Amino acid sequence: RKEVEQDPGPFNVPEGATVAFNCTYSNSASQSFFWYRQDCRKEPKLLMSVYSSGNEDGRFTAQLNRASQYISLLIRDSKLSDSATYLCVVKSAGGSYIPTFGRGTSLIVHP
Amino acid sequence: NAGVMQNPRHLVRRRGQEARLRCSPMKGHSHVYWYRQLPEEGLKFMVYLQKENIIDESGMPKERFSAEFPKEGPSILRIQQVVRGDSAAYFCASSPGLAGEGGDIQYFGAGTRLSVL
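Below or above, wherever it landed, is the structure these notes cover.

Thresholds, definitions, all that
- Per chain, residues are indexed from 1 in the order of the written sequence.
- Chain A is the first chain written and ligand 1 is the first ligand written, with later ones labelled in order.
- Where totals are concerned, whole chains, interfaces and linings use all residues; where local detail is concerned, this predicted model gives features only for residues with pLDDT of at least 70, and gives and counts side-chain atom pairs only at 80 or more.
- To get the side-chain values, all heavy atoms of the structure are used, and hydrogens and water are removed first.
- Runs of H or I in DSSP of at least four residues are treated as helices and runs of E of at least two as strands, each being numbered from the N terminus.
- Just to be clear, the radius of gyration here is over C-alpha atoms, and the globule rule we use is 2.2 Å times residues to the power 0.38.
- Think of it in three bands: with a 1.4 Å probe and only protein chains considered, a residue is buried below 20% of the maximum accessible area for its type, exposed above 50%, and partly exposed in between.
- Only heavy atoms matter for contacts: two residues are in contact if any of them lie within 4.5 Å across the pair.
- Residues enter a nonpolar core if they are buried and are Ala, Val, Leu, Ile, Met, Phe, Trp, Tyr or Cys, with the set joined through side-chain atoms within 4.5 Å.
- Any carboxyl oxygen of Asp or Glu within 4 Å of a side-chain nitrogen of Lys or Arg constitutes a salt bridge here.
- Put plainly, a pocket is an open set of points on a 1 Å grid over the protein atoms alone with protein on both sides within 12 Å along at least five of seven lines, a cavity is a set where a 1.4 Å probe fits but cannot get out, and a lining residue has an atom within 4 Å of a point.
- Grid points are joined across faces, edges and corners, and a volume is the space filled by probe spheres set on the points.
- Any residue outside Ala, Val, Leu, Ile, Met, Phe, Trp, Tyr, Cys, Pro, Asp, Glu, Lys and Arg is labelled polar, Gly included; the first ten of those are nonpolar and the last four are charged.
- Note: two strands are recorded as paired if DSSP finds a minimum of 2 bridges between them.
- As a rule, the C-alpha atoms of each element are fitted with a line to give its axis, helices using only the stretch in contact, and angles between N-to-C directions run from 0 to 180 degrees.

The next subject is the overall build of chain B. Looking only at helices and strands, chain B features 0 helices and 11 strands. The secondary structure elements of chain B, listed N-terminal to C-terminal, are β-β-β-β-β-β-β-β-β-β-β. Compactness check: chain B gives a C-alpha radius of gyration of 14 Å against a globular reference of 13 Å for 117 residues, within 12% of the reference. Taking the principal axes of the C-alpha coordinates as reference, chain B spans close to 45 × 25 × 25 Å. Out of the 117 residues in chain B, the part that is buried amounts to 48%. Residue pairs at least 24 apart in sequence account for 53% of intrachain contacts in chain B once pairs closer than 6 positions are excluded.

Next up, the structure:
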């Protein structure tokens with residue numbers, strides 16, 4: 001099982017739709033979780049960090065399920081500008097500070 | 001407060017030449033990470049450094065690749081005798097490296113796109 005797994009998509013949704021991505025992780029000792037978005041040929045940019053059960057920022061909600069070892073990202077009222085690749089990042093407690101990146105989920109929002 | 005600065009943004013080298021990629025972390029950040037991304041691929045961790053120390057280089061190829069983060073100046077990723085397979089986007093990220101929430105968030109530079117002819 002890969003350390004961090006994401007459905008690569010693409011998720012193709014109309015404007016205004018609600019879309020959700022899941023990300024599963026294998027290390028039960030993981031403590032820090034992040035969602036980044038990456039536009040084509042650009043650098044990843046932090047979207048949201050999740051340290052407890054979840055986080056909400058406007059149209060974006062991230063939820064953590066430790067029992068099932070996954071985090072989700074929910075995007076409400078999708079905009080064309082939300083089209084991007086969404087990267088799930090997981091970091092374990094202590095020891096090395098190396099985070100593990102998922103391969104990303106591609107989202108395409110169309111008119 | 002300037003973000004993570006990488007230069008050059010684009011670098012073209014012929015096979016066998018050396019490539020030097022530079023990364024200046026955000027002000028106050030003492031942790032630097034280098035990643036490589038091939039087209040249509042995910043980010044692949046290469047090396048993690050703190051000032052004057054390599055903490056983890058488990059993702060670095062054993063030959064031709066080296067990295068440093070001197071006491072003064074930017075972090076350097078050096079690729080000797082480049083080959084076509086080295087063509088990729090190389091991203092640098094920095095973090096404060098502090099305990100507690102937010103201390104481990106990584107901020108990325110715009111990347112260096114290396115093309116080997």
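A few words on the nonpolar core. Among soluble globular proteins, nonpolar side chains are generally buried collectively. One finds A:Phe21, A:Trp35, A:Leu73, A:Ile75, A:Tyr86 and A:Leu107 to be the most contacted residues of the largest nonpolar core, which totals 24 residues. Those elements that provide at least two residues to this core are β3 (19-25), β4 (30-38), β5 (45-50), β7 (60-65), β8 (70-75), β9 (84-92) and β11 (105-110) of chain A. In this structure, A:Leu107 is in contact with A:Phe11, A:Val13, A:Val19, A:Phe21, A:Ile75, A:Asp82, A:Ser83, A:Ala84 and A:Tyr86, ignoring residues within four places of it in sequence. Within the second largest apolar cluster, 23 residues are counted, among which are B:Val4, B:Phe69, B:Ala88 and B:Val116.

This part covers the pattern of salt bridges. Residue and element names in this part refer to chain A. Taken as a whole and assessed by the stated rule, the structure comprises 8 salt bridges over all chains. Notably, a salt bridge pairs Glu-56 with Arg-76, separated by 3.4 Å at the nearest N-O pair. Separated by 20 residues along the polypeptide, Glu-56 in strand β6 (residues 54-57) and Arg-76 in the loop between β8 and β9 bring together distant segments of the chain. Residue classification places Glu-56 among the exposed residues on the basis of a relative accessible area of 55%. Residue classification places Arg-76 among the partly exposed positions, given a relative accessible area of 27%.

Moving on to the layout of surface pockets. Quantified by volume, the largest pocket comes out at close to 670 Å³. In terms of lining residues, the largest pocket is bounded by 27 residues, among which B:Gln37, B:Leu38, B:Pro39, B:Glu40 and B:Glu41 are the most central. Tallied by class, the residues present in the lining of the largest pocket amount to 10 nonpolar, 10 polar and 7 charged. What lines the second largest pocket is a set of 23 residues, and nearest its centre among them are A:Glu3, A:Val4, A:Pro99, A:Thr100 and A:Phe101. Listed by contribution, the elements that provide at least two residues to the lining of the second largest pocket are β9 and β10 (100-101) of chain A together with β5 (43-50) of chain B. Tallied by class, the residues present in the lining of the second largest pocket amount to 9 nonpolar, 9 polar and 5 charged.

All names here are of chain B. Pairing within the open sheet is antiparallel, and its 4 strands lie in the order β1-β3-β8-β7. The sheet terminates laterally at β1 (5-7) and β7 (65-68), the two strands that pair on one side only. Each adjacent strand pair in this sheet contributes to an overall mean axis angle of 15 degrees, direction not counted. As paired strands, β1 and strand β3 (residues 19-24) are joined by 3 bridges and run antiparallel to one another. If you follow Met-5 over to β3, its bridge partner there is Ser-24.

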